[in-house]
Amino acid sequence: MSRRRTWWLASAVLVLAVLANWWIGRQIDGGDAGTGRPAVPFDYALTDFDAVVFDETGRQTLRVAGPRLEHDPKTRTALLVDPRFVVPGEPADWRGRAERGRLARADEELQLEGAVVLTRPDPRGEIRIETERLDYDRRTGRLTAPETVRFTQAGSELVGGTLVYLLNDDRLELQNDVHATYRDAGTAAAAGARRGDGNDDSPGPGRR
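My aim in this report is to walk through the structure given alongside it, one point at a time. Keep in mind that this is a model prediction, so the values were computed, not measured.

A few points about the nonpolar core
Here is step 1: Residues Leu62, Phe85, Trp94 and Leu110 are the most contacted members of the largest nonpolar core, which totals 29 residues.
Here is step 2: Not counting residues within four places of it along the chain, the set of residues in contact with tryptophan 94 comprises Phe85, Val86, Val87, Leu118, Thr119, Arg120, Ile127, Ile129, Tyr165 and Leu167.

Quick word on the layout of surface pockets
Here is step 1: Considering only enclosed or pocket space, the second largest pocket measures out at about 260 Å³ in volume.
Here is step 2: Looking at the second largest pocket, it is lined by 15 residues, and the ones nearest its centre are Tyr44, His71, Ala78, Leu103 and Asp107.
Here is step 3: Ranked by residue count, the leading element in the lining of the second largest pocket is strand S1 (residues 44-54), at six residues.
Here is step 4: Looking at the lining of the second largest pocket, its residues break down into nine nonpolar, two polar and four charged.

Some points on the pairing of strand S2 (residues 60-72)
Here is step 1: Relative to S2, S1 is paired through ten bridges, and the arrangement is antiparallel. Bridge pairing in S2 places valine 53 opposite leucine 62.
Here is step 2: From the end of S1 to the start of S2, which pair antiparallel, there are five residues, and glycine 58 there has a positive phi angle of about 90°.
Here is step 3: Relative to strand S3 (residues 77-81), S2 runs antiparallel, the two sharing five bridges. Residue pairing across strands places leucine 69 opposite leucine 80, the latter belonging to S3.
Here is step 4: In sequence, S2 turns back onto S3 through a hairpin of four residues, with arginine 76 there showing a positive phi of about 55°.

Definitions and cut-offs
- Residues numbered from 1 in each chain as written.
- Predicted model: local features only at pLDDT ≥ 70, side-chain atom pairs only at ≥ 80, totals over all residues.
- Heavy atoms only, no water.
- Core = buried A, V, L, I, M, F, W, Y, C linked by side-chain atoms within 4.5 Å.
- Buried < 20%, exposed > 50% of the residue type's maximum accessible area, 1.4 Å probe, protein only.
- Contact = heavy atoms within 4.5 Å.
- 1 Å grid on protein atoms, 1.4 Å probe; cavity = no way out; pocket = protein on both sides within 12 Å on 5 of 7 lines; lining within 4 Å.
- Points joined across faces, edges and corners; volume = space filled by probe spheres on them.
- Helix = DSSP H or I, 4+ residues; strand = E, 2+ residues; numbered from the N terminus.
- Nonpolar A, V, L, I, M, F, W, Y, C, P; charged D, E, K, R; others polar.
- Pairing = 2+ DSSP bridges.

Everything listed is a geometric property; what it means functionally is a separate question.
Structural data, given as structure tokens:
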């Protein structure tokens, strides 16, 4: 065999080896089913977590805790299981719970779903908000609920199709087919004291 032909065969083998190595690497990087390794939907997970979020001035704007948090690298969203949360407010903090939630847009938005309950103490009686979906925007201090909302305090009840609550202004807006039931605050508060109402399922410092 001539030296020229030997060199040509060696070059062809080298090219084939490079192409084969590139193809194998592409299959692995692409999460091919033939590798036997399922794609992982998150890049890290936390159990029994308790996180505090601050704004650019160092003011606490959100505290959230729960049994599990999973971070999705593609959407950069943290998925929350059974979250308990605290939203600082005046004159008192809002505390609540939900079945699931997510922190999106660099922790600027908290989206809650499933049996969402939000409460705040008040001299006239505890304020309680119940809905199936609640969104909190930390930048604007705005709570919104696009689905039916039940708002109760001291025995009185308001039910509406949507809710907007401006935390900075302490202003509540219920819209779309609103129904109201008003009761005497003193009578309702006395009845609540006899029943032992006022349970708080949300996290506080050192509590999950």
